[in-house]
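Chain by chain, the residues:
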Amino acid sequence: MDVRFTWMLCVLCLVITVQAFTQEGFKEVLLKQLGLSEVPKLHKRDLVDLVIPDHVKNKYISMLKRHRVKRRALPSLAGILRGIPGNAGEVLYSDTTTRQNLIFDMEGRIPKNSEVTMAELKLFKKPLDRANLPAKQSHRPVSNARVSVYWVQRQHDGTNRTSLIDSRLVPIRESGWKNFDVTQAVRYWLRNKRREPMFLEVWIEGERVGSHASEMAKAVRFTSQDPKDKALGKPELVLYTLDLEDYGGPGDCKEEAVPGKSTCCRQKHYISFRELAWTQYWIIEPAGYEAYRCSGGCLQPPSPLRRFSYGERACAIAESSPLPMMYLVKRGNRTEIEAAEFPNMVVEKCSCVTDG
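Residues numbered from 1 in each chain as written. Predicted model: local features only at pLDDT ≥ 70, side-chain atom pairs only at ≥ 80, totals over all residues. Heavy atoms only, no water.

K.L.:
Can you help me understand the sheet that holds strand S2 (residues 98-104) in this one?
P.N.:
In a beta sheet, neighbouring strands are held together by backbone hydrogen bonds and run either parallel or antiparallel to one another. Here 4 strands make up an open sheet; going across it, the order is S2-S7-S4-S5 and the pairing antiparallel. Every other strand in the sheet has two partners, leaving S2 and strand S5 (160-171) as the edge strands with one partner each. Averaged over neighbouring strand pairs, the angle between their axes works out to 20° when direction is ignored. Bridge count between strand S4 (residues 144-154) and strand S7 (residues 198-206): 7 bridges; the pairing is antiparallel. Following the sheet pairing, Trp-151 is matched in S7 by Leu-200. Across the sheet, helix H4 (residues 183-192) is in contact with S4, S5 and S7; its angle to S4 comes to roughly 10°. (Pairing = 2+ DSSP bridges. Helix = DSSP H or I, 4+ residues; strand = E, 2+ residues; numbered from the N terminus. Axes fitted to C-alpha atoms, helices over the stretch in contact; angles between N-to-C directions. Contact = heavy atoms within 4.5 Å.)

K.L.:
What should I look at first to understand unusual backbone geometry in this one?
P.N.:
Trans peptide bonds make up the majority, and among non-glycine residues the majority have a negative phi. In this structure, the amide linkage connecting Glu-285 to the following residue, Pro-286, adopts the cis form with an omega of -5°. Relative to the helices and strands, Pro-286 is located in the loop between strand S11 (283-285) and strand S12 (288-290). One non-glycine residue, Tyr-292, lies in positive phi territory at about 65°.

K.L.:
What's the story with the nonpolar core in this structure? I'm lost.
P.N.:
Side chains of a nonpolar character, in soluble globular proteins, are inclined to be buried together. Core analysis: the biggest nonpolar cluster contains 41 residues, and Phe-273, Tyr-289, Met-325, Met-326 and Ile-337 have the highest contact counts within it. Those elements giving two or more residues to this core turn out to be helix H3 (54-71), S11, strand S14 (313-331) and strand S15 (334-354). Broken down by element, this core gets its largest block of residues, 8 residues, from S15. Residue-level mapping places this core at the junction of two domains, with at least three residues from each of domain 1 (24-69 + 245-354) and domain 2 (114-242). (Core = buried A, V, L, I, M, F, W, Y, C linked by side-chain atoms within 4.5 Å. Buried < 20%, exposed > 50% of the residue type's maximum accessible area, 1.4 Å probe, protein only. Domains from an automatic or database assignment.)

K.L.:
Can you help me understand the pairing of S4 in this one?
P.N.:
Walk down a regular strand and you will see the side chains alternate between the two sheet faces. Most of S4 is tucked away, with 10 of its 11 residues classed as buried. Taken together, the 11 bridges between S4 and S5 define a ladder with antiparallel strand orientation. In the strand pairing of S5, Trp-151 is matched with Ser-163. As consecutive antiparallel partners, S4 and S5 are separated by 5 residues, and within that stretch Gly-158 has a phi angle of approximately 95°, a positive value.

K.L.:
When you look at the sheet that holds S11 in this model, what are you seeing that I'm missing?
P.N.:
Read across the sheet, 3 strands follow the order S11-S14-S15 without closing on themselves; strand pairing throughout is antiparallel. Each edge of the open sheet is held by one strand with a lone partner, namely S11 and S15. Across this sheet, the average inter-strand angle for adjacent strands is 40°, counted without regard to direction. Summarising the sheet, S14 and S15 pair through 17 bridges and their orientation is antiparallel. If you follow Ala-316 over to S15, its bridge partner there is Ser-351.

Put into C-alpha coordinates, the structure is as follows:
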(Lines give C-alpha, C1' and ligand atoms only; values in the text may rest on other atoms or scores of the structure.)
Protein backbone atom coordinates (compact mmCIF):
# COMPACT_ATOMS: atom_id res chain seq x y z
CA MET A 1 0.00 0.00 0.00
CA ASP A 2 1.52 3.35 -0.98
CA VAL A 3 1.96 6.36 1.31
CA ARG A 4 -0.88 8.34 -0.34
CA PHE A 5 -3.41 5.54 0.21
CA THR A 6 -2.31 5.08 3.85
CA TRP A 7 -2.71 8.82 4.46
CA MET A 8 -6.21 8.74 2.97
CA LEU A 9 -7.17 5.89 5.29
CA CYS A 10 -5.95 7.88 8.30
CA VAL A 11 -8.03 10.91 7.28
CA LEU A 12 -10.99 8.66 6.57
CA CYS A 13 -10.99 7.04 9.98
CA LEU A 14 -10.47 10.31 11.87
CA VAL A 15 -13.55 11.75 10.16
CA ILE A 16 -15.52 8.56 10.85
CA THR A 17 -14.93 8.89 14.60
CA VAL A 18 -16.04 12.53 14.54
CA GLN A 19 -19.22 11.56 12.69
CA ALA A 20 -20.06 9.02 15.40
CA PHE A 21 -19.78 6.06 13.07
CA THR A 22 -23.06 6.71 11.27
CA GLN A 23 -23.66 4.38 8.35
CA GLU A 24 -24.12 7.13 5.78
CA GLY A 25 -21.16 9.11 7.14
CA PHE A 26 -18.99 6.01 6.97
CA LYS A 27 -20.05 5.37 3.38
CA GLU A 28 -19.65 8.95 2.13
CA VAL A 29 -16.22 9.49 3.63
CA LEU A 30 -14.97 6.07 2.51
CA LEU A 31 -15.93 6.74 -1.10
CA LYS A 32 -14.55 10.29 -1.05
CA GLN A 33 -11.18 9.40 0.44
CA LEU A 34 -10.67 6.42 -1.86
CA GLY A 35 -11.58 8.51 -4.89
CA LEU A 36 -14.63 6.42 -5.77
CA SER A 37 -17.95 7.77 -7.04
CA GLU A 38 -19.85 4.67 -5.91
CA VAL A 39 -19.39 1.43 -4.00
CA PRO A 40 -17.63 -1.22 -6.15
CA LYS A 41 -20.20 -3.54 -7.71
CA LEU A 42 -19.41 -6.75 -5.85
CA HIS A 43 -21.64 -9.81 -5.69
CA LYS A 44 -21.75 -13.15 -3.94
CA ARG A 45 -20.21 -14.77 -7.02
CA ASP A 46 -17.07 -12.67 -6.48
CA LEU A 47 -16.43 -14.77 -3.33
CA VAL A 48 -16.97 -18.17 -4.93
CA ASP A 49 -13.65 -20.05 -5.24
CA LEU A 50 -11.82 -16.92 -4.09
CA VAL A 51 -8.44 -17.82 -2.56
CA ILE A 52 -6.95 -15.57 0.10
CA PRO A 53 -3.21 -15.33 -0.74
CA ASP A 54 -0.95 -16.53 2.07
CA HIS A 55 0.86 -13.19 2.33
CA VAL A 56 -2.45 -11.31 2.71
CA LYS A 57 -3.75 -13.78 5.31
CA ASN A 58 -0.48 -13.63 7.28
CA LYS A 59 -0.49 -9.83 7.19
CA TYR A 60 -4.08 -9.70 8.46
CA ILE A 61 -3.41 -12.24 11.24
CA SER A 62 -0.31 -10.30 12.34
CA MET A 63 -2.30 -7.06 12.57
CA LEU A 64 -5.15 -8.85 14.34
CA LYS A 65 -2.85 -10.24 17.02
CA ARG A 66 -1.26 -6.84 17.69
CA HIS A 67 -4.76 -5.39 18.04
CA ARG A 68 -5.84 -8.12 20.49
CA VAL A 69 -2.74 -7.87 22.70
CA LYS A 70 -3.45 -4.18 23.25
CA ARG A 71 -7.13 -4.66 24.08
CA ARG A 72 -7.11 -7.91 26.09
CA ALA A 73 -8.46 -7.71 29.65
CA LEU A 74 -7.44 -10.06 32.45
CA PRO A 75 -9.97 -12.87 32.93
CA SER A 76 -11.46 -13.69 36.33
CA LEU A 77 -13.52 -16.80 35.61
CA ALA A 78 -13.06 -19.76 33.29
CA GLY A 79 -15.68 -22.23 32.03
CA ILE A 80 -15.20 -25.11 29.62
CA LEU A 81 -17.66 -25.98 26.85
CA ARG A 82 -17.34 -29.32 25.10
CA GLY A 83 -18.37 -29.69 21.50
CA ILE A 84 -21.34 -31.66 20.23
CA PRO A 85 -21.26 -33.71 17.00
CA GLY A 86 -22.52 -31.99 13.87
CA ASN A 87 -21.74 -30.56 10.47
CA ALA A 88 -21.25 -26.85 9.73
CA GLY A 89 -21.82 -27.16 5.97
CA GLU A 90 -20.11 -25.44 3.06
CA VAL A 91 -18.61 -21.96 2.73
CA LEU A 92 -18.65 -19.37 -0.03
CA TYR A 93 -14.92 -19.11 -0.66
CA SER A 94 -12.52 -22.01 -0.38
CA ASP A 95 -9.00 -23.33 -0.78
CA THR A 96 -7.43 -26.76 -1.15
CA THR A 97 -7.53 -27.82 2.48
CA THR A 98 -8.46 -30.37 5.10
CA ARG A 99 -11.38 -29.18 7.23
CA GLN A 100 -12.92 -30.04 10.55
CA ASN A 101 -16.37 -28.79 11.56
CA LEU A 102 -17.03 -27.99 15.22
CA ILE A 103 -20.27 -27.12 17.03
CA PHE A 104 -20.53 -25.76 20.58
CA ASP A 105 -23.78 -25.51 22.54
CA MET A 106 -23.55 -22.00 24.04
CA GLU A 107 -27.08 -21.41 25.31
CA GLY A 108 -27.08 -20.51 29.01
CA ARG A 109 -23.33 -21.05 29.38
CA ILE A 110 -22.34 -17.38 29.74
CA PRO A 111 -23.34 -15.88 33.13
CA LYS A 112 -25.77 -12.97 33.10
CA ASN A 113 -24.33 -9.47 33.51
CA SER A 114 -20.89 -10.67 32.45
CA GLU A 115 -18.59 -10.01 29.51
CA VAL A 116 -16.47 -12.56 27.65
CA THR A 117 -12.95 -11.13 27.76
CA MET A 118 -11.17 -14.10 26.19
CA ALA A 119 -12.05 -17.45 24.61
CA GLU A 120 -9.67 -20.22 23.60
CA LEU A 121 -10.29 -23.20 21.36
CA LYS A 122 -8.24 -26.19 22.52
CA LEU A 123 -7.54 -28.87 19.92
CA PHE A 124 -5.60 -32.05 20.66
CA LYS A 125 -3.18 -32.97 17.88
CA LYS A 126 -2.80 -36.73 17.57
CA PRO A 127 0.66 -38.35 17.34
CA LEU A 128 1.95 -38.46 13.78
CA ASP A 129 1.05 -41.58 11.81
CA ARG A 130 3.87 -41.91 9.28
CA ALA A 131 1.56 -43.84 7.00
CA ASN A 132 -0.18 -40.50 6.32
CA LEU A 133 3.02 -38.85 5.07
CA PRO A 134 3.50 -38.61 1.29
CA ALA A 135 5.77 -41.31 -0.14
CA LYS A 136 7.72 -38.84 -2.26
CA GLN A 137 9.81 -36.32 -0.32
CA SER A 138 10.82 -32.84 -1.48
CA HIS A 139 14.27 -31.23 -1.47
CA ARG A 140 12.65 -28.39 0.51
CA PRO A 141 11.66 -29.89 3.89
CA VAL A 142 8.23 -29.07 5.34
CA SER A 143 8.03 -28.93 9.14
CA ASN A 144 4.69 -27.23 9.78
CA ALA A 145 1.10 -26.98 8.63
CA ARG A 146 -1.01 -23.83 8.81
CA VAL A 147 -4.10 -24.27 10.96
CA SER A 148 -6.79 -21.58 10.72
CA VAL A 149 -10.02 -21.25 12.68
CA TYR A 150 -13.13 -19.67 11.13
CA TRP A 151 -16.46 -18.67 12.62
CA VAL A 152 -19.32 -19.91 10.43
CA GLN A 153 -22.32 -17.61 10.00
CA ARG A 154 -25.44 -19.29 8.70
CA GLN A 155 -27.25 -17.14 6.13
CA HIS A 156 -31.03 -16.84 5.71
CA ASP A 157 -30.78 -18.28 2.18
CA GLY A 158 -29.35 -21.54 3.52
CA THR A 159 -25.71 -20.83 2.65
CA ASN A 160 -22.90 -20.21 5.12
CA ARG A 161 -20.24 -17.52 5.27
CA THR A 162 -17.02 -17.70 7.24
CA SER A 163 -14.91 -15.16 9.13
CA LEU A 164 -11.21 -15.78 9.81
CA ILE A 165 -10.60 -15.75 13.57
CA ASP A 166 -7.10 -17.10 14.22
CA SER A 167 -4.28 -18.81 12.34
CA ARG A 168 -0.95 -20.35 13.34
CA LEU A 169 1.73 -22.79 12.23
CA VAL A 170 1.59 -26.20 13.92
CA PRO A 171 4.58 -28.61 13.87
CA ILE A 172 3.60 -31.70 11.87
CA ARG A 173 5.67 -34.15 13.95
CA GLU A 174 4.57 -32.91 17.40
CA SER A 175 1.48 -33.97 19.32
CA GLY A 176 -0.46 -32.40 22.20
CA TRP A 177 -2.83 -29.49 22.87
CA LYS A 178 -2.86 -26.50 20.53
CA ASN A 179 -4.69 -23.32 21.59
CA PHE A 180 -6.37 -20.74 19.35
CA ASP A 181 -7.77 -17.33 20.30
CA VAL A 182 -11.46 -17.39 19.31
CA THR A 183 -12.66 -14.45 21.40
CA GLN A 184 -13.99 -12.66 18.34
CA ALA A 185 -15.98 -15.73 17.27
CA VAL A 186 -17.79 -15.84 20.62
CA ARG A 187 -18.56 -12.13 20.38
CA TYR A 188 -19.93 -12.64 16.85
CA TRP A 189 -22.14 -15.43 18.18
CA LEU A 190 -23.42 -13.21 20.98
CA ARG A 191 -24.37 -10.56 18.43
CA ASN A 192 -25.96 -12.92 15.90
CA LYS A 193 -27.34 -15.85 17.91
CA ARG A 194 -30.74 -17.22 16.93
CA ARG A 195 -31.03 -19.81 19.69
CA GLU A 196 -28.53 -22.01 17.89
CA PRO A 197 -25.06 -23.39 18.71
CA MET A 198 -21.83 -21.71 17.67
CA PHE A 199 -20.24 -23.16 14.54
CA LEU A 200 -16.48 -23.15 13.97
CA GLU A 201 -14.46 -24.58 11.12
CA VAL A 202 -10.82 -25.63 11.27
CA TRP A 203 -8.78 -25.53 8.04
CA ILE A 204 -5.47 -27.40 7.75
CA GLU A 205 -3.30 -26.14 4.89
CA GLY A 206 0.28 -26.29 3.73
CA GLU A 207 2.69 -23.85 5.34
CA ARG A 208 3.58 -22.59 1.86
CA VAL A 209 2.30 -22.84 -1.68
CA GLY A 210 2.95 -26.16 -3.41
CA SER A 211 1.58 -29.68 -3.66
CA HIS A 212 4.20 -31.22 -1.32
CA ALA A 213 3.42 -28.80 1.55
CA SER A 214 -0.28 -29.46 0.98
CA GLU A 215 0.23 -33.24 1.10
CA MET A 216 2.34 -32.97 4.26
CA ALA A 217 -0.42 -30.95 5.94
CA LYS A 218 -2.84 -33.83 5.43
CA ALA A 219 -0.83 -35.80 8.00
CA VAL A 220 -2.06 -33.43 10.74
CA ARG A 221 -4.96 -34.95 12.67
CA PHE A 222 -6.90 -33.43 15.57
CA THR A 223 -9.21 -35.37 17.85
CA SER A 224 -12.75 -34.82 16.57
CA GLN A 225 -16.11 -34.37 18.29
CA ASP A 226 -17.33 -37.66 16.84
CA PRO A 227 -18.02 -40.17 19.67
CA LYS A 228 -16.53 -42.86 17.39
CA ASP A 229 -13.16 -41.13 17.75
CA LYS A 230 -11.84 -42.93 20.82
CA ALA A 231 -8.73 -40.76 21.17
CA LEU A 232 -8.35 -38.68 24.32
CA GLY A 233 -8.66 -34.90 24.27
CA LYS A 234 -11.91 -33.82 22.65
CA PRO A 235 -12.13 -30.21 21.35
CA GLU A 236 -12.83 -27.72 24.12
CA LEU A 237 -13.88 -24.08 24.20
CA VAL A 238 -12.57 -22.28 27.30
CA LEU A 239 -14.36 -19.04 28.19
CA TYR A 240 -13.01 -16.32 30.47
CA THR A 241 -15.55 -13.79 31.72
CA LEU A 242 -15.69 -10.70 33.91
CA ASP A 243 -18.52 -9.93 36.32
CA LEU A 244 -19.54 -6.43 35.22
CA GLU A 245 -20.82 -5.59 38.70
CA ASP A 246 -17.28 -5.83 40.04
CA TYR A 247 -15.07 -5.39 37.01
CA GLY A 248 -16.88 -3.03 34.64
CA GLY A 249 -14.42 -1.10 32.49
CA PRO A 250 -13.63 2.42 33.77
CA GLY A 251 -15.56 5.07 31.91
CA ASP A 252 -17.99 2.63 30.28
CA CYS A 253 -21.73 3.37 30.41
CA LYS A 254 -23.67 1.08 32.72
CA GLU A 255 -26.90 1.77 30.81
CA GLU A 256 -28.20 3.90 27.93
CA ALA A 257 -26.58 7.32 28.36
CA VAL A 258 -28.71 10.45 27.92
CA PRO A 259 -26.90 13.66 26.84
CA GLY A 260 -27.24 16.33 29.50
CA LYS A 261 -28.53 13.87 32.10
CA SER A 262 -25.74 11.27 32.22
CA THR A 263 -22.06 11.57 32.93
CA CYS A 264 -19.78 11.32 29.88
CA CYS A 265 -19.00 7.64 29.24
CA ARG A 266 -18.17 5.10 26.53
CA GLN A 267 -21.25 3.30 25.21
CA LYS A 268 -21.35 0.08 23.19
CA HIS A 269 -22.09 0.59 19.50
CA TYR A 270 -21.73 -2.43 17.23
CA ILE A 271 -21.24 -2.11 13.46
CA SER A 272 -22.11 -5.21 11.43
CA PHE A 273 -20.46 -5.30 8.01
CA ARG A 274 -22.59 -8.33 7.16
CA GLU A 275 -25.86 -6.43 7.63
CA LEU A 276 -24.87 -3.30 5.67
CA ALA A 277 -25.79 -3.99 2.04
CA TRP A 278 -22.86 -2.02 0.64
CA THR A 279 -20.19 -3.71 2.84
CA GLN A 280 -21.63 -7.25 2.79
CA TYR A 281 -19.31 -8.49 0.04
CA TRP A 282 -16.78 -5.65 0.02
CA ILE A 283 -15.33 -6.17 3.51
CA ILE A 284 -14.36 -9.82 3.98
CA GLU A 285 -12.96 -9.59 7.52
CA PRO A 286 -14.09 -8.87 10.15
CA ALA A 287 -17.82 -9.63 10.08
CA GLY A 288 -18.34 -6.61 12.32
CA TYR A 289 -16.85 -4.99 15.40
CA GLU A 290 -17.60 -3.09 18.61
CA ALA A 291 -16.83 0.50 17.66
CA TYR A 292 -18.24 2.18 20.81
CA ARG A 293 -19.24 5.85 20.92
CA CYS A 294 -19.22 8.67 23.46
CA SER A 295 -22.46 9.59 25.19
CA GLY A 296 -23.63 11.59 28.16
CA GLY A 297 -23.16 15.14 29.40
CA CYS A 298 -20.41 17.19 31.03
CA LEU A 299 -20.33 19.78 33.79
CA GLN A 300 -20.21 23.26 32.23
CA PRO A 301 -17.73 26.01 33.18
CA PRO A 302 -19.00 28.80 35.47
CA SER A 303 -20.62 31.80 33.75
CA PRO A 304 -17.67 34.21 34.31
CA LEU A 305 -15.48 32.03 32.06
CA ARG A 306 -18.13 31.99 29.36
CA ARG A 307 -17.93 35.77 29.07
CA PHE A 308 -14.32 35.29 27.91
CA SER A 309 -15.49 33.01 25.08
CA TYR A 310 -14.68 29.89 27.05
CA GLY A 311 -16.76 27.31 25.21
CA GLU A 312 -19.02 24.56 26.47
CA ARG A 313 -17.65 21.19 27.44
CA ALA A 314 -18.83 18.19 25.42
CA CYS A 315 -18.38 14.42 25.66
CA ALA A 316 -15.94 13.39 22.90
CA ILE A 317 -13.40 10.77 21.88
CA ALA A 318 -10.15 11.04 23.84
CA GLU A 319 -8.40 7.85 22.66
CA SER A 320 -8.97 5.41 19.81
CA SER A 321 -7.34 2.31 18.33
CA PRO A 322 -7.05 0.74 14.85
CA LEU A 323 -9.04 -2.08 13.27
CA PRO A 324 -7.45 -4.63 10.89
CA MET A 325 -9.59 -5.32 7.81
CA MET A 326 -9.50 -7.48 4.67
CA TYR A 327 -11.46 -6.19 1.70
CA LEU A 328 -11.98 -6.81 -2.01
CA VAL A 329 -10.54 -4.63 -4.74
CA LYS A 330 -11.81 -4.60 -8.33
CA ARG A 331 -9.11 -4.17 -10.98
CA GLY A 332 -10.82 -4.47 -14.34
CA ASN A 333 -12.28 -7.96 -14.51
CA ARG A 334 -10.07 -9.19 -11.66
CA THR A 335 -11.11 -9.32 -8.01
CA GLU A 336 -8.26 -9.17 -5.49
CA ILE A 337 -7.96 -9.11 -1.69
CA GLU A 338 -6.03 -6.53 0.31
CA ALA A 339 -5.42 -6.11 4.04
CA ALA A 340 -4.90 -2.87 5.94
CA GLU A 341 -5.04 -1.53 9.47
CA PHE A 342 -7.57 1.31 9.62
CA PRO A 343 -6.63 3.75 12.42
CA ASN A 344 -9.07 5.38 14.85
CA MET A 345 -11.87 2.85 14.30
CA VAL A 346 -12.42 1.78 17.93
CA VAL A 347 -13.20 4.29 20.68
CA GLU A 348 -11.01 3.45 23.69
CA LYS A 349 -11.72 6.38 26.00
CA CYS A 350 -14.18 9.27 26.23
CA SER A 351 -13.62 12.57 27.98
CA CYS A 352 -15.12 16.02 28.41
CA VAL A 353 -13.42 18.53 26.10
CA THR A 354 -13.88 22.28 25.84
CA ASP A 355 -14.73 24.02 22.59
CA GLY A 356 -12.17 26.77 22.07
